[in-house]
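Observations on the three-dimensional arrangement
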Amino acid sequence: MKNNVSPNDLQVFLSVLNEGGFRAAAKRLGIAPSKVSTTVSRIEKQLGVPLVLRSTRSLRATDQGQRLAERLQPLMTEIDVACFEAADSADQIQGHLRLNVPGAVVPDILPPLIVELQRRHPKVQVEIVVENGFVDIIAAGCDAGIRYGDSIQKDMISIPIGPRLQQIALAASPSYVRQYGLPREPLELTDHRAIRYRLPDGMLIPWSLRRGDETANIVEPTTSLVLSVNALNTGLDYVRAGLGIIGTFRNWLESDFRAGTLIPVLPDWWAELEGPRLYYPSRFTSSALRAFIDVCRNEATTV
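Per chain, residue numbering runs from 1 following the sequence as it is written. For this predicted model, a pLDDT threshold of at least 70 governs which residues receive local features, and a threshold of 80 or more governs which side-chain atom pairs are given and counted, while totals over whole chains, interfaces and linings are taken from all residues. Side-chain descriptors were evaluated using all non-hydrogen atoms of the structure, hydrogens and water having been removed beforehand.

1. Topic: the nonpolar core
- Leu-97, Leu-170, Leu-189, Ile-245, Leu-278, Tyr-280 and Phe-292 are the most contacted members of the largest nonpolar core, which has 55 residues in total.
- Under the DSSP-based scheme used, a helix requires at least four consecutive residues in state H or I and a strand at least two consecutive residues in state E, with every element numbered from the N terminus. When residues in this core are grouped by element, the largest group, 7 residues, is from helix α9 (residues 287-299).
- The criterion used for residue contact is that any of the two residues' heavy atoms lie within 4.5 Å. With sequence-adjacent residues up to four places away left out, Ile-245 is seen in contact with Leu-170, Ala-171, Ala-172, Tyr-176, Pro-183, Leu-189, His-192, Arg-193, Ala-194, Ile-195, Trp-207 and Val-265. To define a nonpolar core, start from buried Ala, Val, Leu, Ile, Met, Phe, Trp, Tyr and Cys residues and group those joined through side-chain atoms within 4.5 Å. Only protein chains enter the accessibility calculation, which uses a 1.4 Å probe; a residue is then buried when its area is under 20% of its type maximum, exposed when over 50%, and partly exposed in between.

Written as structure tokens, this is what we have:
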């Protein structure tokens, strides 16, 4: 088997998968569709395995093609970044950076990143658009977005920012605990008052708890207050005042736990989820975005 495949040919192959077809890839790359098809066929011949299954109506990667793409994508991204960084010096980085982010990252994860970006590159103007639902960042006129795991489009490049893992924690105030007591098992939460958040589609966010291999979905505690998911951190004032138990990000609660103004509820059952990720198109030209990506990589932390 020959393995001297051209990097340019591999970029064509990735474009076919990222764009979802030969014609779309050809349009993105500015070459003829027939050349795209010929290039992919040449790679398959050189490697000795099929990479793409195609018909007149559809296209999908084979298992070998998918594995190859997953290995190649970060390498190609690093090549792009290295070339762009070589072409730009620090004092040339300026312009507008528009980020589409969920409310969950606004209080504590995003601020130090933005501060560091503007410390390094004061000529960069940052605009933050806060939306919690799925957003097509290109159609929305944004340079990049921040979201959690499954909501990121497959054709986007993404890198972790902030903590690699976060926990959804439950908490109550000392005054609430004195009046109502602490639940000892998840099912007891249905007898307690809750501060809940509502999604844009009208659904209340359920409290999903996990301990080892055990899971417990608490769908309907007695709700005393409902808040919009667009204002996630506003619930802290209400839980401190004793209105009920809240379920929110643990990192938002740590200072209250240390100060004793809030008490952990069922800490053995707090579920973990992957931390947020910055995502952006596989091809980008903004020096401001490249600078922000560099900050995110350097400032990333682990829990």
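2. A few points about unusual backbone geometry
- One non-glycine residue with positive phi stands out, namely Leu-266, at about 50 degrees.
- Along the chain, Leu-266 turns up in the loop between β13 (263-265) and β14 (271-274).
- When its relative accessible area of 9% is taken as the criterion, Leu-266 is described as buried.

3. Thoughts on helix α8 (residues 250-259)
- For α8, the full list of buried residues reads Trp-252, Leu-253, Asp-256 and Phe-257. Down the axis, α8 shows its buried residues gathered within 125 degrees of arc, on one side only.
- Looking at the buried residues of α8, the elements they touch are β7 (165-172), α7 (235-240), β12 (245-249) and β13.
- Backbone geometry just after α8 places Gly-260 at a positive phi near 80 degrees. Taken from the helix axis, the directions to the C-beta atoms give the arc we talk about.

4. With respect to the side chain of His-192
- For His-192, the position within the fold is in the loop between α6 (174-180) and β8 (193-198).
- Overall, His-192 belongs to the buried group, its relative accessible area being 7%.
- A polar atom in the side chain of His-192 sits 2.8 Å from the side chain of Tyr-176.
- Ignoring anything within four residues of it in the chain, the contact list for His-192 reads Tyr-176, Tyr-180, Gly-181, Leu-182, Pro-183, Pro-221, Thr-222 and Ile-245. Think of a polar contact as two N or O atoms within 3.5 Å of one another; within protein, one of them needs to be a possible hydrogen donor and the other a possible acceptor, and neighboring residues in sequence only count if both atoms come from side chains.

5. Quick word on the sheet that holds strand β5 (residues 144-148)
- Taken together, the 5 strands give an open sheet; going across it, the order is β4-β3-β5-β15-β6, and neighbouring strands pair in mixed fashion. Two strands lie at the open edges of the sheet, namely β4 (124-130) and β6 (156-160), each paired on one side alone. The mean angle between the axes of side-by-side strands here comes to 25 degrees, regardless of whether they run parallel or antiparallel.
- When DSSP finds two or more bridges between a pair of strands, those strands are recorded as paired. For β6 and strand β15 (residues 276-281), the ladder comprises 5 bridges, and the chain directions are antiparallel. Bridge pairing in β15 places Ile-159 opposite Leu-278. For helices, the fitted axis covers only the stretch in contact; all axes are lines through C-alpha atoms, and the angles between them, taken along N-to-C directions, range from 0 to 180 degrees.

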